[in-house]
Amino acid sequence: MDKLIEKGLTVAISLGAGFAASKVFDFAWEKITGEEPPKNDEVDAVDIKRALVFGVTSAAVSAAVQVLSQRGAKAGVRKMRSSYGKKSEV
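The structure displayed is predicted, hence computed values, not measured ones.

A. Geometry of the overall build of the protein. Secondary structure assignment for the protein yields 2 helices and 0 strands. Residues classed as buried in the protein amount to 14% of the 90 residues present. Carbon and sulfur atoms form 62% of the exposed surface of the protein, whose accessible area is close to 7100 Å².

B. Broad picture of the packing of aromatic side chains. Under the criterion given, the structure shown has 3 aromatic pairs. Measuring from centroid to centroid gives 6.3 Å for F25 and W29, while their planes differ by 40 degrees, and the two rings are tilted. Of this pair, F25 and W29 both sit in helix 1 (residues 2-33), 4 residues apart, roughly one helical turn. Accessibility classification places F25 together with W29 in one group, the buried group. Centroid distance W29 to F54: 5.1 Å. Interplanar angle 80 degrees. Geometry classified as edge-to-face. Linking W29 in helix 1 with F54 in helix 2 (residues 48-84), this pair joins segments that are 25 residues apart in sequence. Take W29 and F54: they sit in the same class, and that class is buried.

C. Quick look at the environment of P37. Relative to the assigned elements, P37 resides in the loop between helix 1 and helix 2. Looking at P37, the relative accessible area reads 6%, which means it is buried. Taking the C-alpha atoms as reference, P37 lies 9.3 Å from R50; in sequence the two are 13 residues apart.

D. Structural view of a positive patch on the surface. On the surface, K3, K7, K74 and R78 cluster together into a positively charged patch. Put simply, the parts of the chain that give the positive patch at least two residues each are helix 1 and helix 2. Checked against the element boundaries, K3 lands in helix 1. A relative accessible area of 60% places K3 in the exposed class.

E. Molecular detail of the pattern of salt bridges. Applying the stated criterion across every chain yields a total of 1 salt bridge. Salt-bridge contacts for R50 lead to E35; the nearest nitrogen and oxygen are separated by 3.5 Å. Linking R50 in helix 2 with E35 in the loop between helix 1 and helix 2, this pair joins segments that are 15 residues apart in sequence. You can call R50 partly exposed: its relative accessible area is 30%.

So, how was this worked out
Residues numbered from 1 in each chain as written. Predicted model: local features only at pLDDT ≥ 70, side-chain atom pairs only at ≥ 80, totals over all residues. Heavy atoms only, no water. Helix = DSSP H or I, 4+ residues; strand = E, 2+ residues; numbered from the N terminus. Buried < 20%, exposed > 50% of the residue type's maximum accessible area, 1.4 Å probe, protein only. Areas by Shrake-Rupley, 256 points an atom, 1.4 Å probe, with all protein chains shown as cover. Phe/Tyr/Trp six-rings, centres within 6.5 Å; stacked < 30°, edge-to-face > 60°. Patch = residues over 30% accessible without salt bridge, like charges linked within 9 Å, V, L, I, M, F, W, Y side chains within 5 Å. Salt bridge = Lys/Arg side-chain N within 4 Å of Asp/Glu carboxyl O. Lys, Arg positive; Asp, Glu negative; His and termini not counted. Charge placed at Lys NZ, Arg CZ, Asp CG, Glu CD.

See below:
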């Protein structure tokens, strides 16, 4: 049961953190470059260098969020386990 709870927490944390990280990344991109982030509908209008930089940095942020959300979920399950005992009653 703990694995199921851990997976649920991982999904919930990933969704929330991914959404927040996306908004923060878009905001930072606008502040740093002075332009809006490249989106799918602007493929032809974006310079290849800018698109590559955006893609690489966006992927790095996404990977970091995934790793941190997994660690956060495991820490949350450990904390719940320590406060409710070793075995789940559900």
